[in-house]
Amino acid sequence: MPNEAFIALKNGADLLKMFPAEQLDAHVVKAWRAVIAARVPLVRVGGISPDNMGPFLTADANGFGPGARRCTSRVRAPQRRPRTRRRSSTD
């Protein structure tokens, strides 16, 4: 169990994000569940598809989050305006 998870819980985290999900199989979820209270949701993020959710639900994962591959190009970040620099009399 990564120390970061215990630190996050100690500091008030409501859930634990398991990322990258591609590298954490259902056995890892089951191992984390053995040491993390059942009231703390374990949410897998990245590499999730309807085809691979079943084993993780069986291992007591509580949810899934979409990774970058699931986000479409129709969702865009707000455009940033370029910063302008005011010239001072010393420039």
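Up top you'll find the structure we're talking about.
About the thresholds
Residues numbered from 1 in each chain as written. Predicted model: local features only at pLDDT ≥ 70, side-chain atom pairs only at ≥ 80, totals over all residues. Heavy atoms only, no water. Buried < 20%, exposed > 50% of the residue type's maximum accessible area, 1.4 Å probe, protein only. Helix = DSSP H or I, 4+ residues; strand = E, 2+ residues; numbered from the N terminus. Pairing = 2+ DSSP bridges. Core = buried A, V, L, I, M, F, W, Y, C linked by side-chain atoms within 4.5 Å. Contact = heavy atoms within 4.5 Å. Axes fitted to C-alpha atoms, helices over the stretch in contact; angles between N-to-C directions.

### Remarks on the pairing of strand β2 (residues 42-45)
Residues Leu 42 and Arg 44 point to one face of β2 and Val 43 and Val 45 to the other, with burial holding for every one of them. Here strand β1 (residues 16-18) runs beside β2; their pairing, made up of 3 bridges, is parallel. Note that in β2 the partner of Met 18 across the bridge is Arg 44. Bridging between β2 and strand β3 (residues 63-65) involves 3 bridges; their strand directions are parallel.

### A short note on the nonpolar core
Core analysis: the biggest nonpolar cluster contains 13 residues, and Leu 16, Met 18, Val 29, Ile 36, Leu 42 and Phe 56 have the highest contact counts within it. Listing elements by their share of this core, those giving two or more residues are β1 and α2 (26-35). In terms of residue count, α2 provides more of this core than any other element does, 3 residues in total. Here Leu 42 is in contact with Leu 16, Met 18, Val 29, Trp 32, Arg 33, Ile 36, Ala 61, Asn 62 and Gly 63, once residues within four sequence places are set aside.

### Re the sheet that holds β2
Spatially, the 3 strands line up as an open sheet ordered β1-β2-β3, and their pairing is parallel. The sheet is open, and its two borders are formed by β1 and β3, each paired with just one other strand. Looking at each pair of strands side by side, their axes are set apart by 35° on average, direction ignored. Set on the sheet, α2 makes contact with β1 and β2; between it and β2 the angle comes to about 155°.

Just geometry here; none of it tells us what the structure is for.
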